[in-house]
Amino acid sequence: MSGRSVTGRWFEELPVGTVVEHTIRRTVTETDNVLFTTMTMNPAPLHLDADYAAGTEFGRPLVNSMFTVALVVGLSVPELTLGTIVAQLGMDAISFPAPVFPGDTIRVQSEVVTARESRSRTDAGIVVFEHRAHNQRDELVCRARRTGLMYRRPVAPEEVS
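Calculation criteria
Residues numbered from 1 in each chain as written. Predicted model: local features only at pLDDT ≥ 70, side-chain atom pairs only at ≥ 80, totals over all residues. Heavy atoms only, no water. Helix = DSSP H or I, 4+ residues; strand = E, 2+ residues; numbered from the N terminus. Buried < 20%, exposed > 50% of the residue type's maximum accessible area, 1.4 Å probe, protein only. Contact = heavy atoms within 4.5 Å. Arc of directions from axis to C-beta. Salt bridge = Lys/Arg side-chain N within 4 Å of Asp/Glu carboxyl O.

Draft legend 1. Broad picture of the environment of R143. Structurally, R143 can be placed in strand β6 (residues 140-151). In this structure R143 comes out as partly exposed when scored by relative accessible area, which is 32%. Taking C-alpha positions, R143 is 27 Å from A50, a pair spaced 93 residues apart along the chain. Leave out the neighbours within four places in its chain, and R143 touches A93, I94, S95, E130, H131 and R132.

Listed below in structure tokens is the structure:
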């Protein structure tokens, strides 16, 4: 793992109940929404057509929820998994209790809800994170659980002897 940037936490640093308030926040732009929505081939007018969206209960375009969940995970990476994750194993229990609009600023909090040693890999453990995202009005806009296969802290060569 030499040469990699490591700011995430090792498996041993992620006991159940750990809560991380992520430092980086992000304001979502109209460009983010249009690019993500068109890049993923989603033609939904609720995301792309301001005239159509004006006639909905929201009155304006909604940010694509898949962008929202990707942003939520991305905002958690520097303090949780950067350089310390083997692989993301899955996501579940994703919900969007309130809409996200262009101009909203998203902040994320993550909690370790389960953690166990890997049965097949002695160098890793399995951690389930619950990510909770709020907008600038403190409304919960996304909740998602993500399972990661996390590296254990490397053993220094002098500790092996």
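Draft legend 2. Here's a closer look at helix α1 (residues 30-39). Residues D32, N33 and T37 constitute the buried set of α1. The arc that holds every buried residue of α1, seen down its axis, measures 110°, which confines them to one face. Contacts made by the buried residues of α1 are with β2 (26-27), α2 (45-48) and α4 (65-80). Note on α1: the residue one or two positions beyond its end, M41, has a positive phi of about 65°.

Draft legend 3. Quick peek at the pattern of salt bridges. Tallying each qualifying case throughout the model produces twelve salt bridges. Of the charged contacts in the structure, one is a salt bridge between R153 and E13, with a shortest N-O distance of 2.6 Å. Here the residue R153 occupies a position in the loop between β6 and α5 (157-160), and E13 occupies one in the segment before β1 (19-21), the gap between them amounting to 140 residues. Of the residues examined, R153 reaches a relative accessible area of 44% and is grouped as partly exposed. On the basis of relative accessible area, E13 is assigned to the partly exposed category, the value being 29%. Two residues, D123 and R121, come together in a salt bridge whose shortest N-O distance is 3.1 Å. Look at R121 and you get partly exposed, because its relative accessible area is 30%. What emerges from the salt-bridge pattern is a single network uniting E111, E130, R132, R143 and R145.

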